[in-house]
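Structural characterization, general
Given next are the chains, with one letter for each unit.
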Amino acid sequence: MTAPNGLPAGIEVRTAALPPCRRCGNPALLTARYPHSWPNRSGKPVTGFKEATLCAVCDEDDPAAAGLLALLGGPTAERPADLGALARRWVSVVRHRTPDPAVLEEEAARYRAGEL
C-alpha cells in the first residue's frame, strides 16, 4: 500500500526541525520512521518503529544514500516527486541494517564508565 506522498504506508519522512545526527552530532538532512518487527523469545512478533537519520558526513560513502544526498543538496523545484522515490529506496536498504556489536559494546562500556 502506498500513501499519497509516494512512500509505502507507515513510513514518515521529515526534513525540517530535525535533531542532530546521533552518530556524529552534525546537522541531519532527513529522518525516516518506519514500521519494524522482531520475534520475542517465544517467537511471537513484537511490532514497533525504527528511525534512520540521513547525515551528509556519516552517509557520504553509502551508495543507498547517494541519491538523497544529491537531491537535498540540489535545486528544490524537483524535490516532492523525487524525494518519495529516493526515500523509499534508501529506507528499503537501511531498514535491514543491524547494529555493529563491537560499537554497541564500546558505547555500553562508555556508559558504565560515566562517559555518556
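Every chain begins its residue count from 1, and numbering advances along the sequence as written. Selection of residues for local features in this predicted model requires a pLDDT of at least 70, selection of side-chain atom pairs for listing and counting requires 80 or more, and totals for whole chains, interfaces and linings are taken over all residues. The basis for every side-chain value is the complete set of non-hydrogen atoms in the structure, without hydrogens or water.

Turning our eyes to something else, we now look at the overall build of the chain. For helices the rule is a DSSP run of H or I covering at least 4 residues; for strands it is a run of E covering at least 2, with both sets numbered from the N terminus onward. In terms of helices and strands, the chain carries three helices and three strands. Going from the N terminus to the C terminus, the chain shows its helices and strands as β-β-β-α-α-α. Buried positions account for 23% of the 116 residues belonging to the chain. Note on contacts: a residue pair is in contact if any heavy atoms of the two residues lie within 4.5 Å. Here the contacts in the chain between residues at least 6 apart in sequence split such that 41% fall between residues at least 24 apart. Put simply, the chain shows about 7900 Å² of open surface, and 56% of that area lies on carbon and sulfur atoms. For the exposure calls, accessible area comes from a 1.4 Å probe over protein chains only, and a residue counts as buried if that area is under 20% of its type's maximum, exposed if over 50%, partly exposed in between. Here, Shrake-Rupley sampling with a 1.4 Å probe gives the accessible areas, and only protein chains in the shown set may cover a residue.

For the rest of this paragraph, the subject is helix α3 (residues 101–112). Taking 1.5 Å per residue as the helical rise, α3 with its twelve residues ought to reach 16 Å, and the 16 Å between its terminal C-alpha atoms agrees with that figure. In protein, a polar contact requires one atom able to donate a hydrogen and another able to accept it; more generally it is a pair of N or O atoms within 3.5 Å, and residues adjacent in sequence count only if both atoms are side-chain atoms. One side-chain oxygen of the residue at the start of α3 lies 2.9 Å from the amide nitrogen of Ala 102, identifying that residue as Asp 100. Multiplying one less than the number of residues by 1.5 Å gives the expected span of a helix.

For Phe, Tyr and Trp, where Trp contributes only its six-membered ring, two rings pair if their centres lie within 6.5 Å, and the inter-plane angle classes them as stacked under 30 degrees, edge-to-face over 60, or tilted in between. Enumeration over the complete set of coordinates arrives at zero aromatic pairs. Over the ring of Phe 49 we find Arg 33; its NZ or CZ atom is 4.0 Å from the centre of that ring. Only lysine NZ and arginine CZ atoms are considered, and such an atom sits over a ring when it is within 6 Å of the ring centre and within 35 degrees of the ring normal.

Take unusual backbone geometry next. Leaving glycine out, the prevailing phi sign among residues is negative, and the prevailing peptide bond configuration is trans. Positive phi is not limited to glycine here, since Ala 17 has a value of about 55 degrees. Mapped onto the fold, Ala 17 is located in the loop between β1 (12–14) and β2 (28–39).

If you trace the three strands from one edge of the open sheet to the other, you get β1-β2-β3, paired in antiparallel fashion. Since the sheet does not close on itself, it has two edges, and those belong to β1 and β3 (45–55), each with one partner. Each strand of the sheet is rotated relative to its neighbour by a mean of 20 degrees, with strand direction disregarded. At least two bridges found by DSSP between two strands is the condition for calling them paired. For β1 and β2, the ladder comprises three bridges, and the chain directions are antiparallel. Looking across to β2, one finds that Val 13 is bridged to Ala 32. Axes, fitted as lines to C-alpha atoms, cover a helix only where it is in contact. Angles between the N-to-C directions of the axes lie from 0 to 180 degrees.

What follows concerns the pattern of salt bridges. The working definition used for a salt bridge is a side-chain nitrogen of Lys or Arg within 4 Å of a carboxyl oxygen of Asp or Glu. Tallying each qualifying case throughout the model produces five salt bridges. Between Glu 51 and Arg 22 there is a salt bridge, with the nearest N and O atoms lying 2.9 Å from each other. Here Arg 22 lies in the loop between β1 and β2 and Glu 51 lies in strand β3, a separation of 29 residues in the sequence. A salt bridge links Arg 110 to Glu 115, with the nearest nitrogen and oxygen atoms 3.8 Å apart. A relative accessible area of 33% places Arg 110 in the partly exposed class.

Consecutive side chains along a regular strand alternate between the two faces of the sheet. In this sheet, β3 lies alongside β2 in antiparallel orientation, the contact comprising eleven bridges. Opposite Ala 28, over in β3, you have Cys 55 as the bridge partner. A loop of five residues connects β2 with β3, the two strands running antiparallel in sequence, and Gly 43 in this loop sits at a positive phi of about 90 degrees.

Such coordinate-based values are descriptive only and should not be taken to indicate function.
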